[in-house]
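The residues making up each chain are set out below.
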Amino acid sequence: MSDKHDASGVTTTGHVWDDDLGDFTNQPPKWWMLGLTASAIWCVVYCLFYPSIPVSNAHGFFKGIGGWTAINEMEADKSVVDEVRGKYEAKLKDMTPAAILADSELTEYVTRSGKVLFGDNCAACHGTNGVGTVDKQGLFAPILRDDDWLYGGKIDDIHTSIVGGRQGVMTPHKGVLSDQQIDDVAQYVKAMSEEGKDKADADSTVAAGKKVFMESDCTACHGADAKGMQAMGSANLTDKVWRFDGSLEGIKRTVAYGVNAGPDARIAVMPSFKAAGKLSDAEIKKLAVYVYKFGGGQADVPVTK
Amino acid sequence: MNDESESKEMGAVTTIYHEFESWHANLGEKTIHAKRMPGFFRTVKNYTQLALWLPFFLGPYLRWNGKQAILFDIQNRQFHFFSLTVLPQDIWMLSLVLLMAAMTLFAVTSVASRVWCGYFCFQTAWTDWFTWLEDKIEGNPAARRKLDDAPLSLDKIKKKGLKHALWMALALLTGISFSVWFVDAYTYWDNLIHLNLPKVGWVVLTMFFFGTYILAGFLREQACFWLCPYARIQGVMSDAQTILPAYDVKRGEPRGKLRKGGGAAAPQGDCIDCFQCVQVCPTGVDIREGQQLGCITCGLCLDACDAVMDKIGKPRGLIRYASLDEFSGKQARKIYQHPRTLVYVGIILVALSGIVYGLTHLGAMTLRVIPDRQPLFVTMSDGSIQNKYEFKVVNKTDKDIHVKVSAEGGVSGQVIIGAEEPPITHHGRGTSFTIFVKAPGANVTQEITPIEFRVEGIEDPTVSAEYNSKFNGPKHE
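What counts, and where the lines are drawn
Residues numbered from 1 in each chain as written. Chains lettered and ligands numbered in written order. Predicted model: local features only at pLDDT ≥ 70, side-chain atom pairs only at ≥ 80, totals over all residues. Helix = DSSP H or I, 4+ residues; strand = E, 2+ residues; numbered from the N terminus. Buried ≥ 20, exposed ≤ 12 C-beta atoms within 10 Å, placed from the backbone. Contact = placed C-beta atoms within 7 Å. Expected span 1.5 Å × (residues − 1). Bend = angle between axes of the 7 residues up to and from the residue. Pairing = 2+ DSSP bridges. UniProt positions renumbered as here; feature names shortened; annotations may be inferred. Axes fitted to C-alpha atoms, helices over the stretch in contact; angles between N-to-C directions. pLDDT = per-residue confidence, 0-100. Core = buried A, V, L, I, M, F, W, Y, C linked by C-beta atoms within 7 Å. Parallel < 35°, antiparallel > 145°, perpendicular 65-115°, else oblique. Left-handed = near helix turned anticlockwise from the far one by under 90°.

*Asks:* Help me understand the overall build of chain B in this model?
*Replies:* Scanning chain B from terminus to terminus reveals 16 helices and 16 strands. Put simply, chain B has 477 residues, and 27% of those count as buried. Here the contacts in chain B between residues at least 6 apart in sequence split such that 70% fall between residues at least 24 apart.

Okay, here's the thing in structure tokens:
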């Protein structure tokens, strides 16, 4: 290529590469310079607007003239969520749990938003999703997913349990009954669960246990039909669900030491969530509906097909 | 030997520079005022442009069953096409549509060069309409150049003002027409007239208004030269077999002015160097310099050259649609001897059959069933085993449907609980509800029992969907 260039009058930087390559000292294009200047101004404005200088002084640190904080932004975002929830929450406030249950939209809202409440307040004892927790003595807190309820599975019963808490009672029978009698009655109780009451009654191998059951104080709480009484929270002994432990040893232990009655007794205590003051009335109602919808809730009027 | 190859290599590189010295790159310093000339390709172009873009303006006002016939409802994530509703679940077909569009572009380009650019492209079409308005208001190219150079006067302001006003009106209409493909057209107009559009609506309208006004009014062929990637992609899609508007060098050269009396000093080709082909070119290229990036193959130079040839009594076709093979005297091959095109057509057919399959197998309903995983099952007081399932039903029809839930397989004696009253599924979106299945404990003999759930419309059982799931039970040692 020739060493002449046709742009006469434009000076080069004076550097020469490869014998004849020079570099014009032309200005960059105007749009490019405008862009550069605008970017510089943008940087300055940005630094002034936002808290950008991480050096503290007597008044704290430079907070930026825009007053932006991450907390404010988070609160603003949260208010969007609260707005969506707000219309449901406002309705929930003045409704009974049964009325919430009757409203499919609200029930849907509660079953979706109740998970966190349940996880924070209930799952410690009842387990995640209400599957129950087991310690070395047996089931520590009841499974909430089945249809066996000590204090009733209707929506108002569940609500009452959460509001007031529950405390099981069973007197210890060690000393009242002989070891043999305890063993007999435990066999009978186990048979009632496994075979059903009618079969167990007819089963001669557990007749001794039946005699103990009918003649001692068992029927006072569990009833002559052994189905328990929801008013006092005594367990239904004829079904397949066990409150503590369904093994023979476990049943013997419960009979011997009772519930909430001394050092070796089984513990069955649920605190009052109303008295604890941690949950609002609306939250308790939500939890009642949430637990009801686990699958064991019992309708006030039986569903007819 | 060594020197020779070196100089050859040098030569190859330096020719680029030599060419560059003589080559005029259109950087848009001068507005191109193309002459409008009637002719075959002019007519074709008028029709093809309208055929593609008139529906763009009018399509959204078409109604079907009381709703917009074709609506890309982004807000509600559905695509309405007459009585068909496509939800995001079926969006895989969009990729096939795009594939088909790309392959059609390739196939057409490999056969007949940049047909899209010359006859269909929105940049070509809008520029054509904008310059048509310009031509009607300011006059022919010579008058336009004169007006551009003239000092400011009332007449100039009037003409220029009218032109820009019409351009802006067309640009605005373009923006509106684009927008109403995505929201209900009549609602949009109502909101627009009451200045009540949502923010995103204003942003889109403003962008399209300025985009159209600037691209078609000012950038014009510069967009094809320096902005458009397809210009370059299509450039490499054509080969020696592709027919494209080309100048017959053998016949035309050496070019020279037509002399009265025919007393030529030297033998002369048919090209009389009248520059009509350059003057009518919307991108301002000189086709006689050969195939080039700027040529959008619109054929307007063919019209111009044919008109001139008619006048001077020479045969038409000095500039004509021809392949490079034809000019170099090779036997022109048939289309089926062009394997590349056949590959494109093959891909088009595959994509097309995929779309047809998709559209005919859309199904009016989809079902997903998610078994509860904690706990897997619950033992009930009567010893039966209960499983909990989350049903997710997408109802693609245009009305809410109550569904019946049933199951096949599973455990004998099982009962489905939770669907005694048929659950409602909302149209156009997903609905979820909970279903329990309870089975007698004695019948649950294995840890996992396969079960197939089915939902079907109460009124129309053909609207249905199935899903395979499982029923969990306790371990059996």
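Having seen it, we continue.
*Asks:* Help me out: how do you make sense of the overall build of chain A in this one?
*Replies:* Scanning chain A for helices and strands turns up 13 helices and six strands. Every one of the 305 residues in chain A was classed for burial, and the buried ones make up 27%. Taking the intrachain contacts of chain A between residues at least 6 apart in sequence as the baseline, contacts between residues at least 24 apart amount to 59%.

*Asks:* When you look at helix H4 (residues 104-121) of chain A in this model, what are you seeing that I'm missing?
*Replies:* All names here are of chain A. A rise of 1.5 Å per residue sets the reference length of H4, with its 18 residues, at 26 Å; its end C-alpha atoms lie 24 Å apart and thus fit the reference within 8%. Most pronounced at glycine 114, the bend in H4 amounts to some 45 degrees. Every buried residue of H4 is accounted for by Tyr109, Val110 and Gly114.

*Asks:* Whenever I open this one, the sheet that holds strand S13 (residues 424-425) of chain B confuses me. Can you help?
*Replies:* The strands that make up a sheet pair up through hydrogen bonds in the backbone, lying either parallel or antiparallel. Residue and element names in this part refer to chain B. Overall, antiparallel pairing links the four strands, which are arranged S13-S11-S15-S16 in an open sheet. This sheet does not close on itself; its edge strands, each paired only once, are S13 and strand S16 (464-472). The sheet contact formed by strand S11 (residues 401-409) and S13 spans two bridges and is antiparallel. By the bridge assignment for S13, isoleucine 401 is matched with threonine 425.

*Asks:* Just to check I follow, could you spell out the UniProt feature "transmembrane region" (unreviewed entry) in chain B for this structure?
*Replies:* All names here are of chain B. On the UniProt side, "transmembrane region" (unreviewed entry) is annotated at positions that read residues 91-112, 165-188, 200-219 and 342-364 here. Measuring from the first to the last C-alpha atom of residues 91-112 gives 32 Å, for a span that is 95% helix and 0% strand. Taken end to end, residues 165-188 is 79% helix and 0% strand, and its two terminal C-alpha atoms sit 23 Å from one another.

*Asks:* Teacher, can you tell me more about the sheet that holds strand S4 (residues 78-81) of chain B here?
*Replies:* All names here are of chain B. Across the sheet, three strands lie side by side as S3-S4-S5; this open sheet has antiparallel pairing. With partners counted over all chains shown, the strands left at the sheet margins are strand S3 (70-73) and strand S5 (84-86), one partner each. Pairs of neighbouring strands in the sheet enclose a mean axial angle of 10 degrees, with direction left out of account.

*Asks:* So what exactly am I meant to see when it comes to unusual backbone geometry here?
*Replies:* Negative phi characterises most residues that are not glycine, and trans characterises most peptide bonds. In the segment running from glutamate 253 of chain B into proline 254 of chain B, the intervening peptide bond is cis, with an omega of -10 degrees. The topology assignment puts proline 254 of chain B in the loop between helix H12 (249-252) and helix H13 (276-279). A cis amide bond links glutamine 374 of chain B with the next residue in sequence, proline 375 of chain B, at an omega value of 0 degrees. Within the chain, aspartate 18 of chain A stands out as a residue other than glycine whose phi angle is a positive 45 degrees. The residue aspartate 18 of chain A is located in the segment before helix H1 (30-49) in this model. In this structure aspartate 18 of chain A comes out as exposed when scored by C-beta crowding, with 6 C-beta atoms within 10 Å.

*Asks:* I keep staring at the confidence of the model for chain A and nothing clicks. Help me out?
*Replies:* When pLDDT is averaged across chain A, the result is 89; 95% of the residues are at 70 or more. Model confidence for chain A, summarised as mean pLDDT per element, is weakest for strand S1 (residues 56-57) of chain A at 74 and strongest for H1 of chain A at 95.

*Asks:* Looking at this model, I keep getting lost on the pairing of S3 of chain B. Mind explaining?
*Replies:* A regular strand places its side chains so that they alternate between the two faces of the sheet. Strand direction decides the pairing type here: S3 of chain B and S4 of chain B, joined by four bridges, are antiparallel. Bridging across to S4 of chain B, isoleucine 70 of chain B finds its partner in phenylalanine 81 of chain B.

*Asks:* For this particular structure, what's the right way to read the UniProt feature "transmembrane region" (unreviewed entry) in chain A?
*Replies:* Mapped onto the present numbering, the UniProt feature "transmembrane region" (unreviewed entry) falls at residues 31-53 of chain A. Helix and strand shares over residues 31-53 of chain A are 83% and 0% respectively, and the end C-alpha atoms of the span are 31 Å apart.

*Asks:* Just to check I follow, could you spell out the nonpolar core for this structure?
*Replies:* Residue and element names in this part refer to chain B. With 37 residues, the main nonpolar core has Cys277, Cys301, Cys305 and Ile319 as its most contacted residues. Those elements that provide at least two residues to this core are helix H4 (115-120), helix H5 (122-138), helix H7 (154-179), helix H9 (199-219), helix H10 (221-227), strand S6 (244-247) and helix H14 (300-312). For this core, the leading source of residues is H14, giving six residues. Ignoring any residue separated from it by four or fewer positions in sequence, one finds cysteine 277 in contact with Ile287, Cys301, Ala304, Cys305 and Ile319. Within the second largest apolar cluster, 24 residues are counted, among which are Val369, Ala439, Val455 and Phe471.

*Asks:* Honestly, the packing of helix H6 (residues 155-164) of chain A against helix H13 (residues 281-292) of chain A in this entry has me stumped. Any pointers?
*Replies:* For any two helices packed against each other, one specifies the inter-axial angle together with the distance between the axes. Residue and element names in this part refer to chain A. Across the interface, H6 lies against H13 with an axial gap of 9 Å and an inter-helix angle of 130 degrees. One way to sum up the angle between H6 and H13 is to call them oblique. When the axes of H6 and H13 are compared, the crossing they make is right-handed. Mapping the contact onto sequence places Ile155, Ile158, His159, Ile162 and Val163 in H6 and Ile284, Lys285, Leu287, Ala288, Val291 and Tyr292 in H13.

*Asks:* Would you mind showing me how to read the environment of aspartate 148 of chain B here?
*Replies:* Residues and elements named next belong to chain B. Its place among the elements puts aspartate 148 in helix H6 (residues 141-149). Exposure remark for aspartate 148: the 13 C-beta atoms within 10 Å place this residue in the partly exposed category. For aspartate 148 and glutamate 138, which are 10 residues apart along the polypeptide, the C-alpha to C-alpha distance reads 9.7 Å.

*Asks:* What am I meant to see in helix H2 (residues 40-58) of chain B here?
*Replies:* Residues separated by three or four positions in an α-helix point in the same direction, a consequence of the helix having 3.6 residues per turn. With 19 residues, H2 of chain B extends 27 Å from end C-alpha to end C-alpha; this agrees with the ideal 27 Å at 1.5 Å per step. Most pronounced at alanine 51 of chain B, the bend in H2 of chain B amounts to some 30 degrees, and the proline proline 55 of chain B follows within four residues.

*Asks:* Help me understand the environment of glycine 295 of chain A in this model?
*Replies:* Inspection of the secondary structure assignment puts glycine 295 of chain A in the segment after H13. Leave out the neighbours within four places in its chain, and glycine 295 of chain A touches Arg145 of chain A together with Val378, Gln386, Lys388 and Phe436 of chain B.

*Asks:* Is there a simple way to explain the confidence of the model for chain B in this structure?
*Replies:* The predicted structure's coordinates, where accompanied by low pLDDT, should not be read in detail. Residues and elements named next belong to chain B. Residue-level pLDDT values for chain B average 88, and 94% of them are 70 or greater. Low pLDDT, under 50, characterises residues 1-8; the predicted model gives this stretch zero contacts beyond four residues in sequence or across chains. What the predictor reports for the complex is a pTM of 0.67 with an ipTM of 0.78.

*Asks:* Please clarify how the packing of helix H7 (residues 179-195) of chain A against helix H9 (residues 207-215) of chain A should be interpreted in this entry.
*Replies:* Residues and elements named next belong to chain A. With their axes 7 Å apart at the nearest point, H7 and H9 run at an angle of 100 degrees to one another. Considering the angle they form, H7 stands roughly perpendicular to H9. Each of Gln181, Asp184, Val185, Gln187 and Tyr188 in H7 lies in contact with H9, whose residues at this interface are Ala208, Gly209, Lys210, Val212 and Phe213.

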